[in-house]
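Single-letter residue listing:
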Amino acid sequence: MVPDGLWAMAKPLIPPSRVRPQGGGTQDTPDETVFSAIIYVLVSGCAWRALPPCFGISKSTAHRRFLIWSRAGVWSRLHEAVVDQLDDASLLDVTRVVLDRPRQG
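Every value quoted in this text rests on a predicted model; they were computed, and no experiment measured them.

**Student:** Just give me the short version of the packing of aromatic side chains, but keep the residues and values in it.
**Tutor:** Tallied over the entire structure, the rule returns 6 aromatic pairs. Between Trp7 and Phe35, the ring centres sit 5.4 Å apart and the planes meet at 50°, which makes this aromatic pair tilted. You can see Trp7 sitting in helix H1 (residues 4-10) and its partner Phe35 sitting in helix H2 (residues 31-44), a full 28 residues away along the chain. Of the residues examined, Phe35 reaches a relative accessible area of 0% and is grouped as buried.

In structure tokens:
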């Protein structure tokens, strides 16, 4: 569902999974599977609870990793990487740009 190029850009940005100090548990769901599920939710606008079973992961797994990756800054860095790639390929038209500054504390 996710273009290979987007996954290739995202893969190095995703933090490694933490190892449980006590061991055990279930095997981690592959990052690429979780990434696809998250992108589906973000693009489709569906609720996490409506995540289709075809992804083979639970809605709680997808949402938990979304939160972890959000805190790690994955989405903003991925956005920057996409914009940089478009700019390098001269596919970006910046004749009209809107800038938004975050408010200062």
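**Student:** Which residues make up the side chain of Arg65, and what values do they have?
**Tutor:** By the secondary structure assignment, Arg65 is in helix H3 (residues 59-71). Relative accessible area serves as the criterion here: at 5%, Arg65 is assigned to the buried category. Here Thr29 takes part through its backbone oxygen, which lies 2.8 Å from a polar atom of the side chain of Arg65. Not counting the four nearest positions on each side in its chain, Arg65 is found in contact with Asp28, Thr29, Pro30, Asp31, Val34 and Ile38.

The rules we used
- Residues numbered from 1 in each chain as written.
- Predicted model: local features only at pLDDT ≥ 70, side-chain atom pairs only at ≥ 80, totals over all residues.
- Heavy atoms only, no water.
- Phe/Tyr/Trp six-rings, centres within 6.5 Å; stacked < 30°, edge-to-face > 60°.
- Helix = DSSP H or I, 4+ residues; strand = E, 2+ residues; numbered from the N terminus.
- Buried < 20%, exposed > 50% of the residue type's maximum accessible area, 1.4 Å probe, protein only.
- Polar contact = N/O pair within 3.5 Å; in protein donor to acceptor, adjacent residues only side chain to side chain.
- Contact = heavy atoms within 4.5 Å.

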